[in-house]
2 protein chains.
Amino acid sequence: MPGMSAAVTSWLDVPTDSPFPVQNLPYGVFSYDGEAPRVGVAIGDHLLDLAPLAAAAGLDGGHVFQAPTLNPFLALGRPAWSAVRSWLTELLTHTAQRALVEGHLLPACEVTMHLPFEVADYVDFYSSRHHAENVGRIFRPDSEPLSPNWPHMPLGYHGRAGTVVVSGTPIVRPSGQRKAPGEPAATYGPCLRLDIEAEVGFVVGASSRRGERVPTSAFREHVFGACLVNDWSARDIQAWEYVPLGPFLGKSFATSVSPWVLPLDALEAARVASPAQEPAVLDYLRDDGYGGLDLSLEVRCNGTVVSRPPFASMYWTPAQQLAHLTGNGASLRTGDLYASGTVSGPERTQRGSFLELSWNGAEPVTLDDGSTRTFLEDGDEVSISAWAPGADGSRIGFGSVTGRVFPAR
Amino acid sequence: MPGMSAAVTSWLDVPTDSPFPVQNLPYGVFSYDGEAPRVGVAIGDHLLDLAPLAAAAGLDGGHVFQAPTLNPFLALGRPAWSAVRSWLTELLTHTAQRALVEGHLLPACEVTMHLPFEVADYVDFYSSRHHAENVGRIFRPDSEPLSPNWPHMPLGYHGRAGTVVVSGTPIVRPSGQRKAPGEPAATYGPCLRLDIEAEVGFVVGASSRRGERVPTSAFREHVFGACLVNDWSARDIQAWEYVPLGPFLGKSFATSVSPWVLPLDALEAARVASPAQEPAVLDYLRDDGYGGLDLSLEVRCNGTVVSRPPFASMYWTPAQQLAHLTGNGASLRTGDLYASGTVSGPERTQRGSFLELSWNGAEPVTLDDGSTRTFLEDGDEVSISAWAPGADGSRIGFGSVTGRVFPAR
């Protein structure tokens, strides 16, 4: 097209509908043929085996790719992240490099993906106004839907880092204590209202010092990239336990993440202004820089699309979440994960949880096979995927985070 | 005394008022003379340098003591913990071993203590009924002091593992967002109500599998020992943020732990029945085995004893906390820390926080120098110590967890 600059393309054949064109280059940890897990990058239907490639190319510091987690690479900081991305882009777009690279491409269908990073601390925010209002209307019908503090700061809480698992890991239905308002006594047993939360997670690379806050302007310096998160939730356990200390066992049994972490550099074309914030935020939360991200999520249950949550509708931005999280001097560590909270848009078809989709069970969701769901049944498989605009007019994807529900033990 | 069995004593001269007689033998991580941090055991005024001692004695697996954290030793599990304790007891009580041991004793005053274990996940419970009732009366004067769920399960929440620090680490006054009920707008600034929480922490050694709960009867199999915890709290930040997701930035800036972890084996003589639980607990929370611990805590502010909280008064037991924490199938990792929640007894002089001691500022506490405190001032030093009955009629101590408040940055 006249006037358009030529799109960067790879000499490698990348299917047009692949989430992983050369404009993406997300990082993950894989194993192949019984060998030890190590770092790879997704490109089309292939996976680039970085450790031997870096060794063959004599890349300085390339030993970080031999690790079974992304953490050593993440700890290097933004200059290294940018340098490696430029190097990979050159390798995959210059035909002269083809011979060097080809021997290190593996068929993506033949590798096993692992948890991409060792999670240091896991924080979950609550940054969709639509989600927070829906939950408020459902759980506290006689009160204002939003708590008074909600419009003033991105509310969050710490989750359990040790039960963050990679996509594909079986999800055993949790048991726990619950007592619905009408019930005479508390009981312990398998969760009766198992749910999902479709979220986007941000992965910290560069650490910070205790006692020093990280301003919104330092977001790109500390955050390496983003992944998908399914924050599995046991609504009956959560409803009984959450006053006054917040969610605990209703969430801590499992949190799934996608195997691929997209570098922020891949998401530059997805940046958008976030919704106007009224009342105006306090200075430490002003985000004049990074803003929001135009990510289109899709939630499938047993193959049926049940929701298309728009991340661009999130009220609080990832840079504001980071500034709030560290506003008390809490330090960051490599591998910290903070998730956005459930992504729900204004429309009914944009809600990121079954709690909202079924309005706490009152309005069942119909799947393509004609069956209906209020909450998840044993055997159900939930898959959350997302796409974003990439550079050069491309479309890039997060892949997906998937999990199947197994019966309680 | 006729009829009393002879107390086990060490050939090493241990001062009679030492918290570390041979019946204790707590573990910590120290460095000495610029060398790398490694594992040590406290005995009287000395520290036993385990790595070279184990090497000299040819102890199988003794390399775990060269690590800069207790985690490799903790991961070995109870049979190894018991074997090492028996070995140490023999070394320190049989004069024949004196020559082997003496070369590996260091003066405790010359070593630097470090964080004893790498914290995996940190959970804080809320298990003192007196504390929970006090907080309820202060924060929610128009409601029942206890939430309806409190008598049915040990409520808890996840804290920030990355900001757990060792005793002696400076505590920078956190800043944060707060809005008192009468104030027209939220503000961001240095905490105005900085507080402590005197707690006892339990350290997980042996991990468990995701999806499998750990019954109360398996407490000793998974938990290695106990330490002291000061869960520093910014009450103004906490009060504004905690509905509906619980404590977050009001706690996450710092949590201090004592440098010594006492093995459960040292606390056998301290075991006591816990208070009667009414209503009866659900089966998964029945603790017919371990029960409570008779630990006497002491809180000092700038040297003045301001409180003596009795751990024996805690409503929920550590085994019940563990069973609840894993009741949804959440897995345990080596290095998980779970704390009891503030230890407050029924008496006014037994309250484990300034929030309670000063009744939210209404009743200032007078220190020995004549000054008064409602909450902590810059420069204040808080020290929490604890003692317990040990074997052979001995008295064993936790040492202390200490921290000084520095001005906000």
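None of the values given here were measured: they were computed from a predicted structure.

Would you mind going over the pattern of salt bridges with me for this structure?
Pairing between side chains of opposite charge can happen when the charged atoms of each approach one another. All names here are of chain A. Enumeration over the complete set of coordinates arrives at 46 salt bridges over all chains. R78 serves as the salt-bridge partner of D265, at 3.3 Å between the closest nitrogen and oxygen. Of the two residues, D265 is situated in the loop between β17 (262-263) and β18 (271-272) and R78 in helix α3 (residues 78-93); the sequence distance between them amounts to 187 residues. By relative accessible area, which is 22% here, D265 ends up partly exposed. Accessibility expressed as a relative area gives 12% for R78, which makes it buried. We note a salt bridge from D380 to R373, for which the minimum N-O separation is 2.7 Å. Across this residue pair, the class does not change: D380 and R373 are buried. Sharing partners across several salt bridges, the network here consists of R78, R220, D265, E268 and R271.

Would you explain the environment of A55 of chain B in this entry?
Tracing the chain through its elements places A55 of chain B in helix α1 (residues 50-57). Separated by 10 residues in sequence, A55 of chain B and F65 of chain B place their C-alpha atoms 9.7 Å apart.

So what exactly am I meant to see when it comes to the domain arrangement of chain A here?
Much of the literature gives interface size as the accessible area that the parts lose upon coming together. Residues and elements named next belong to chain A. By domain assignment, chain A separates into domain 1 (27-114) and domain 2 (122-406). Here domain 1 and domain 2 have C-alpha centroids that lie 29 Å from each other. Taken together, the contact between domain 1 and domain 2 spans 17 residues of the former and 19 residues of the latter. For the pair domain 1 and domain 2, the two sides together bury roughly 1,400 Å², of which 67% comes from carbon and sulfur. Inspection of the domain 1/domain 2 interface yields four residue pairs in polar contact (both at pLDDT 80 or more). Ranked by the residues each element gives to the side of domain 1 that touches domain 2, the list is headed by α3, at four residues. Of the residues in the side of domain 1 that touches domain 2, the class split is 10 nonpolar, five polar and two charged.

Can you help me understand the interface of chain B and chain A in this one?
Listed per partner, the contact involves 59 residues of chain B and 59 residues of chain A. Note on chain B versus chain A: buried area summed over both sides is about 5,400 Å², and carbon and sulfur give 57% of it. Sorting the residues of chain B by area buried against chain A places R160, R210 and L245 of chain B first, and these three jointly supply 15% of that buried surface. Between D336 of chain B and R160 of chain A there is a salt bridge; the shortest N-O distance is 2.8 Å. Where chain B packs against chain A, one counts 26 residue pairs in polar contact (both at pLDDT 80 or more).

I'm lost on the sheet that holds strand β2 (residues 38-43) of chain B in this one. Help?
Within a sheet, adjacent strands bond to each other through the backbone by hydrogen bonds, running parallel or antiparallel. All names here are of chain B. What the five strands build is an open sheet, ordered β4-β3-β2-β1-β5; its pairing is antiparallel. At either end of the open sheet lies a strand with only one pairing partner, and these are β4 (105-107) and β5 (112-114). If you compare each strand with its neighbour and ignore which way they point, the axes differ by 50° on average. Taken together, the four bridges between β2 and strand β3 (residues 46-49) define a ladder with antiparallel strand orientation. Residue pairing across strands places A42 opposite L47, the latter belonging to β3. The strands that α1 touches are β1 (27-31), β2 and β3; relative to β3, the one it contacts most, it runs at about 50°. Strands β1, β2 and β3 of the sheet are contacted by helix α3 (residues 78-93), whose axis makes an angle of about 70° with β1.

Any chance you could explain the packing of α1 of chain B against α3 of chain B here in plain terms?
Residue and element names in this part refer to chain B. Contact geometry for α1 and α3: axes closest at 13 Å, N-to-C directions at 85°. The angle between α1 and α3 places the two elements in the roughly perpendicular class. Only W87, L88 and L91 of α3 make contact with α1, whose side of the interface consists of L50, L53, A54 and A57.

I keep staring at the sheet that holds strand β21 (residues 304-307) of chain B and nothing clicks. Help me out?
Residue and element names in this part refer to chain B. What the five strands build is an open sheet, ordered β9-β26-β25-β20-β21; its pairing is mixed. One side of each edge strand has no neighbouring strand; the edge strands of this open sheet are β9 (171-172) and β21. The pairing of strand β20 (residues 296-301) with β21 spans three bridges and is classified as antiparallel. In the strand pairing of β21, V299 is matched with S307.

I'm lost on the relation of the copies chain B and chain A in this one. Help?
The two copies are related by a screw operation: chain B maps onto chain A through 180° of rotation and 0.0 Å of translation along the axis, at an RMSD of 0.0 Å. The superposition of one copy onto the other is thereby described by a two-fold rotation axis. It is G246 of chain B whose C-alpha, among those of chain B, lies nearest the rotation axis, at 2.0 Å. Both copies contact each other with a shared surface, as 100% of the interface residues of chain B are interface residues in chain A too.

Honestly, the packing of aromatic side chains in this entry has me stumped. Any pointers?
Here the distance between the centres and the angle between the planes together describe a pair of aromatic rings. Under the defined criterion, the tally for this structure stands at 34 aromatic pairs over all chains. Taking the centre distance of 5.2 Å and the plane angle of 80° together, the rings of W81 of chain A and F224 of chain A count as edge-to-face. Of this pair, W81 of chain A sits in helix α3 while F224 of chain A sits in strand β14 (residues 223-230), and the two are 143 residues apart along the sequence. Accessibility assignment for this pair places W81 of chain A and F224 of chain A in one class, buried. Between the aromatic rings of F248 of chain A and F125 of chain B, the centroid separation amounts to 6.1 Å while the plane-to-plane angle is 80°, which identifies the pairing as edge-to-face. One end of the pair, F248 of chain A, is in the loop between α7 (235-241) and β16 (255-257); the other, F125 of chain B, is in strand β6 (residues 122-125), on a second chain.

Please clarify how unusual backbone geometry should be interpreted in this entry.
The phi angle of most residues is negative, glycine excepted, and most peptide bonds adopt the trans form. Here the residue pair V243 of chain A and P244 of chain A is connected by a cis peptide bond, since its omega of 5° sits within 30 degrees of zero. Within the secondary structure, P244 of chain A is located in the loop between α7 and β16. Going from E278 of chain A to P279 of chain A, the amide bond is cis rather than trans, its omega being 10°. Positive phi values are uncommon outside glycine, yet L25 of chain B reaches one of about 55°. Assignment of secondary structure puts L25 of chain B in the segment before β1.

Looking at this structure, I do not really get the confidence of the model for chain A. What am I missing?
Reading predicted coordinates in detail is not appropriate for stretches of low pLDDT. Residues at a pLDDT of 70 or more form 99% of chain A, whose mean pLDDT is 96. In the predicted assembly, ipTM is 0.97 and pTM is 0.97.

Quick question: what am I supposed to make of the nonpolar core here?
Here is a general trend for soluble globular proteins: nonpolar side chains tend to be buried in one another's company. Judged by nonpolar contacts, the single largest core of 150 residues is most densely connected at L267, L295 and Y338 of chain A together with L267, L295 and Y338 of chain B. When near neighbours in sequence (up to four residues on either side) are disregarded, L267 of chain B contacts A226, L262, L293, L295, A388, I396 and F398 of chain B. Ranked by size, the runner-up nonpolar core spans 41 residues in total, among them V64, F73, C227 and V261 of chain A.

Explain the side chain of N328 of chain A here, please?
Here N328 of chain A shows up in the loop between α8 (318-325) and β22 (337-339). Side-chain polar atoms of N328 of chain A contact the backbone oxygen of L249 of chain B, separated by 2.7 Å. Among residues more than four places away in sequence, those in contact with N328 of chain A are P174, S175, L249, S252 and F253 of chain B.

Definitions and limits used
- Residues numbered from 1 in each chain as written.
- Chains lettered and ligands numbered in written order.
- Predicted model: local features only at pLDDT ≥ 70, side-chain atom pairs only at ≥ 80, totals over all residues.
- Heavy atoms only, no water.
- Salt bridge = Lys/Arg side-chain N within 4 Å of Asp/Glu carboxyl O.
- Helix = DSSP H or I, 4+ residues; strand = E, 2+ residues; numbered from the N terminus.
- Buried < 20%, exposed > 50% of the residue type's maximum accessible area, 1.4 Å probe, protein only.
- Domains from an automatic or database assignment.
- Contact = heavy atoms within 4.5 Å.
- Buried area = accessible area lost by both parts, 1.4 Å probe.
- Polar contact = N/O pair within 3.5 Å; in protein donor to acceptor, adjacent residues only side chain to side chain.
- Nonpolar A, V, L, I, M, F, W, Y, C, P; charged D, E, K, R; others polar.
- Pairing = 2+ DSSP bridges.
- Axes fitted to C-alpha atoms, helices over the stretch in contact; angles between N-to-C directions.
- Parallel < 35°, antiparallel > 145°, perpendicular 65-115°, else oblique.
- Least-squares fit on C-alpha atoms with pLDDT ≥ 70 in both.
- Phe/Tyr/Trp six-rings, centres within 6.5 Å; stacked < 30°, edge-to-face > 60°.
- pLDDT = per-residue confidence, 0-100.
- Core = buried A, V, L, I, M, F, W, Y, C linked by side-chain atoms within 4.5 Å.

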